[in-house]
Amino acid sequence: KTSVESWKADPKAPIDCFYVYPTVSRDQTPLSDMTANDEERRVAEQQVSRFGSKCRVFAPMYRQVTTTALGAMITGRQLPGGPYTMTSAYGDVLAAWNHYLKTENKGRGVVLISHSQGSSNLIELISKEIDGKPVQKQLVGAYVLGMAVPVEPGKDTGAFKTVPLCRSASQVGCVVAFSAFRADKSPPANSFFGKAPVAGMKAACVNPANLAGGKGELKAYLSSGALINGPGAPPRPWVEGGEPITTPFIKAPGLLSAECVEKDGFNYLAVTVNADPATPRIDDIKGDLTPQWGLHLIDVNLVMGNLIEMIDSQTKAYLKKK
């Protein structure tokens with residue numbers, strides 16, 4: 001059976017969210033411009049809009065390394081205007097953060113949210129501008145997904161000296177970080193994710209479905225079709241013979257579970273699809289790109305419901321503490 005779940009943004013939300021989006025720009029130049037095209041708007045709808053029910057969302061544009069440049073780098077080509085770096089991207093994110101603090105924050109608590117290239121920028125921002133600085137007391141939480149946050153083995157700190165990994169839903173000022181792969185398809189040796197770029201450290205893995213460790217149910221908000229099949233594409237069938245899906249997202253309770261796994265030098269979120277061939281509901285998900293990428297495209301969607309619950313509990317704990 002199906003039912004419709006609705007939500008709405010809360011203009012009086014007690015905290016803010018500062019979101020840095022992943023690599024999506026299709027501009028044909030190495031670095032994107034500052035125009036919000038369909039791809040930037042679409043990823044914000046996919047990854048951060050639902051947080052608007054819990055926080056005021058700020059989502060600045062920045063001159064990111066484009067998908068065009070990323071494709072060239074992966075295949076060993078060089079685009080005109082290179083070599084190019086992420087210096088402009090981080091400079092824009094830093095400027096946006098400082099502008100937000102000066103004009104909008106007014107002492108409010110804030111959750112940082114990012115994915116992929118956006119997380120590379122937030123890792124640098126937290127390290128340089130928040131970790132051990134006065135503004136750290138306003139950090140409700142940081143969800144830095146799809147990029148390795150280096151931590152020391154056996155510890156909850158590393159790249160961040162005083163901003164630890166999250167271990168409970170009421171812990172304030174902590175970090176959630178992971179890269180997702182299917183449980184039956186572990187990262188190959190040449191994978192882009194799940195391994196720390198710093199010698200002697202490992203990539204952090206925090207499971208939002210079970211912060212204390214072990215397996216937990218993922219409360220995913222998956223695209224009903226457009227994310228995988230492109231804008232304007234008809235929704236994929238989710239129930240054999242069932243009613244047409246008319247919403248942009250779907251939830252499938254019990255379908256997905258996950259746990260952090262350390263294997264062959266990688267530390268990652270292993271996602272299990274709990275298929276049940278006896279029922280008419282779909283028995284698999286989409287979101288894989290290549291073995292090296294794993295479930296990178298849907299890192300955020302996989303844990304959206306878990307993070308919505310987490311931001312709720314962290315906000316309550318932050319306001320009580322404040």
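This text follows the structure it describes.
Residues numbered from 1 in each chain as written. Predicted model: local features only at pLDDT ≥ 70, side-chain atom pairs only at ≥ 80, totals over all residues. Heavy atoms only, no water.

1. Some remarks on the packing of aromatic side chains
Applying the stated criterion across every chain, the model contains 10 aromatic pairs. Aromatic pair Phe-51 and Tyr-143: ring centres 6.4 Å apart, planes at 40°, arrangement tilted. One end of the pair, Phe-51, is in the loop between α1 (38–47) and β2 (55–58); the other, Tyr-143, is in strand β4 (residues 139–145), with 92 residues separating them in the sequence. Relative to Tyr-100, the ring of Phe-58 lies with its centre 5.0 Å away and its plane at 55°, an arrangement referred to as tilted. (Phe/Tyr/Trp six-rings, centres within 6.5 Å; stacked < 30°, edge-to-face > 60°. Helix = DSSP H or I, 4+ residues; strand = E, 2+ residues; numbered from the N terminus.)

2. What about the sheet that holds strand β12 (residues 256–263)?
On the basis of which strands lie adjacent, the open sheet formed by 4 strands has the order β7-β13-β12-β9 and mixed pairing. Two strands in the sheet have a free side with no partner beyond their single neighbour: β7 (180–182) and β9 (216–217). Judged from the 3 bridges that link them, β7 and strand β13 (residues 266–273) form a sheet pairing that is parallel. What sits directly across from Phe-181, in β13, is Ala-270. (Pairing = 2+ DSSP bridges.)

3. A few points about the pattern of salt bridges
A full pass over the atoms with the stated rule returns 14 salt bridges. Note that Glu-5 and Arg-50 form a salt bridge whose closest N and O atoms lie 3.9 Å from each other. Remark: Arg-50 occurs in the loop between α1 and β2 and Glu-5 occurs in the segment before β1 (15–20); sequence separation between them is 45 residues. Taking relative accessible area as the criterion, Arg-50 reaches 10% and is therefore assigned buried. Between Arg-167 and Asp-156 there is a salt bridge, with its nearest N and O atoms 2.9 Å apart. Of the two residues, Arg-167 is situated in the loop between β5 (150–151) and β6 (174–176) and Asp-156 in the loop between β5 and β6; the sequence distance between them amounts to 11 residues. Accessibility expressed as a relative area gives 27% for Asp-156, which makes it partly exposed. Among the charged side chains, a network of salt bridges with common partners joins Asp-16, Arg-56, Glu-104 and Arg-108. (Salt bridge = Lys/Arg side-chain N within 4 Å of Asp/Glu carboxyl O. Buried < 20%, exposed > 50% of the residue type's maximum accessible area, 1.4 Å probe, protein only.)

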